[in-house]
Structures are given as C-alpha cells and as structure tokens.
Amino acid sequence: MTVILVLHDLNLASRYADRLYFLKQGEMVLTGTPWQCFESEQVAKIYQYPLTVIEHPEHACPLIVT
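Notes on the structure in this doc start here. The structure presented is a predicted model; accordingly, all values stated were derived computationally and were not measured.

Calculation rules
Residues numbered from 1 in each chain as written. Predicted model: local features only at pLDDT ≥ 70, side-chain atom pairs only at ≥ 80, totals over all residues. Heavy atoms only, no water. Helix = DSSP H or I, 4+ residues; strand = E, 2+ residues; numbered from the N terminus. Rg over C-alpha atoms; globule rule 2.2 N^0.38 Å. Buried < 20%, exposed > 50% of the residue type's maximum accessible area, 1.4 Å probe, protein only. Contact = heavy atoms within 4.5 Å. Areas by Shrake-Rupley, 256 points an atom, 1.4 Å probe, with all protein chains shown as cover. Lys, Arg positive; Asp, Glu negative; His and termini not counted. Charge placed at Lys NZ, Arg CZ, Asp CG, Glu CD. Core = buried A, V, L, I, M, F, W, Y, C linked by side-chain atoms within 4.5 Å. Phe/Tyr/Trp six-rings, centres within 6.5 Å; stacked < 30°, edge-to-face > 60°.

The next point concerns the overall build of the protein. For the protein, the count of helices and strands is three helices and four strands. The order of helices and strands in the protein, counted from the N terminus, is α-β-β-α-α-β-β. For the protein, the C-alpha radius of gyration of 11 Å lies close to 11 Å, the compact-globule estimate for 66 residues. Viewed in the frame of its principal axes, the protein has a C-alpha envelope of about 35 × 35 × 15 Å. Within the protein, the fraction of its 66 residues that count as buried is 27%. Long-range pairs, those at least 24 residues apart, make up 27% of the contacts in the protein between residues at least 6 apart in sequence. For the protein, the accessible area works out to roughly 5,200 Å², and carbon and sulfur atoms hold 53% of it. Counting 4 positive and 7 negative side-chain charges, the protein places the averaged centre of each group 7 Å from the other.

Here is the structure:
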C-alpha cells in the first residue's frame, strides 16, 4: 500500500514516513529516508533556517529542535 501525504510538520513526517520528498517551487530537490534527508544541510537551505537534528528519545527517528 502507498499513501501520499503532504505535510509541513517535519517532525510528524520524520516519525511516520519511510521516505521523504522535498519540493521547492514545484521541483523535487531532495528525497530519501528521514535520516538521510535531515543529515543533509540541504533541508536547512530549503527552509532557509538552521536546523538542529537529534534522535527522538522515544522513537527511532530524527527530531528537529530549535
């Protein structure tokens, strides 16, 4: 089964998605697992905001903190 869901909450996407696709101005600019995407500096460039990523204390996924 495949589910496509558009989210702007990065932590929610990180927790539930197996694969992420980042769009900027209608173009796909980054794709991968949550860990692959959030280890990349490219996500910070997409959002034009510095991101701090840690491992979620209860789930095996990245957690973005400010």
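That was the structure; now back to the text.
Before going further, it helps to spend a moment on the nonpolar core. With ten residues, the main nonpolar core is built from L10, A13, L20, F22, L30, C37, F38, V43, I46 and I64. Discounting chain neighbours no more than four positions away, the residues touching L10 are F22, F38, V43, Y47 and I64.

Moving on to the environment of C37. For C37, the position within the fold is in helix α2 (residues 34–38). Among the residues examined, C37 registers a relative accessible area of 1% and is labelled buried. In this structure, the C-alpha to C-alpha distance between C37 and R19, residues 18 residues apart in sequence, is 9.1 Å. What C37 contacts, discounting residues up to four positions off in sequence, is L20, F22, L30, T31, G32 and V43.

For the coordinates displayed, the defined rule picks out one aromatic pair. Judged by centre distance (6.1 Å) and plane angle (85°), the ring pair of F22 and F38 falls under edge-to-face. Here F22, found in strand β1 (residues 20–24), pairs with F38, found in helix α2; they are 16 residues apart in sequence, far enough to count as distant. Neither residue differs from the other here; F22 and F38 are each classed as buried.

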